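Inside the fold
Chain residues, written in single-letter form:
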Amino acid sequence: MNTSELITLFHNNHIELANYVNALPDDQFLYSKNGKWTAGQQLSHVYLCLLPISKALASKEFLIQKFGKIERPLWDYDTVLANYKVALANGGKAPEKFLPEAVQPEAKKELTEELRQILDSIQHQLSGYSEEELDTIVMPHPLLGIMTVREMFYLMAYHAIHHLRQTEQNLPA
């Protein structure tokens, strides 16, 4: 998947989640089953996960100095997802800084606008990375460790859909 395709997949998956959550009536937006996150919390979590990525992408030099370059074979999209699913199955959970607080229906519009803004910023930043840089510059993931920028975006593209599916499954039948 080249940079353009990766950016498109990443963006479209996040917009799909945001549109779905925003279309929910308030009672479903606030619905929680068995202690699972509400739809608003799912969207908030995804937003919270994008914040440090946006900050990190702003400086290739910082990423290289802090984390170096990849020292293992590159993971394709399917390998990233398989590793993520194994991490989740082994009890992997989001670190506290990515845990969402309660989100009220009145906050839907603001949260969606903040998500769109960070998506635009990330798209712009990511377009400044060459294909080689996507495959060599790394950043840390709390469950999967050091990943290339491309691998991180494979995961983040999937992450939005993962939380969309969780939202759908958690709603009353």
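Remember, it's a predicted structure, so these values are computed and weren't measured experimentally. Here the residue numbers are simple positions, counted from 1 along each chain's written sequence. Since the coordinates come from a predicted model, pLDDT governs what is reported: local features require at least 70, and pairs of side-chain atoms require 80 or more to be given and counted, while whole-chain, interface and lining totals use all residues. Side-chain metrics in this entry use all non-hydrogen atoms of the structure; hydrogen atoms and water are not considered.

**Observations concerning the pattern of salt bridges**
Should a side-chain nitrogen of Lys or Arg be within 4 Å of a carboxyl oxygen of Asp or Glu, the pair is scored as a salt bridge. Counted under the stated rule, the structure contains six salt bridges. A salt bridge links Lys 108 to Asp 26, with the nearest nitrogen and oxygen atoms 3.8 Å apart. Remark: Asp 26 occurs in helix 2 (residues 26-29) and Lys 108 occurs in helix 6 (residues 108-126); sequence separation between them is 82 residues. Each residue is placed in one exposure class: buried if its accessible area under a 1.4 Å probe, protein chains only, is under 20% of its type's maximum, exposed if it is over 50%, and partly exposed if it falls in between. Asp 26 sits in the partly exposed class, given a relative accessible area of 43%. Across the salt bridge formed by Arg 150 and Asp 135, the nearest N and O atoms sit 2.6 Å from each other. Taken as a pair, Arg 150 in helix 8 (residues 149-170) and Asp 135 in helix 7 (residues 131-136) lie far apart in primary sequence, 15 residues in all. The class for Arg 150 is buried, based on a relative accessible area of 7%. Connected through shared salt-bridge partners, Glu 131, Asp 135 and Arg 150 make up one network. Strands are runs of DSSP state E lasting at least 2 residues, helices are runs of H or I lasting at least 4, and numbering of each runs from the N terminus.

**Things to note about helix 8**
Helices are assigned an expected span. That span is 1.5 Å times one less than the residue count. Counted at 1.5 Å a residue, the expected span for helix 8 with its 22 residues is 32 Å, and the 31 Å between its end C-alpha atoms agrees. Most of helix 8 is tucked away, with 18 of its 22 residues classed as buried.

Scope: geometric values only; no functional claims are made or implied.
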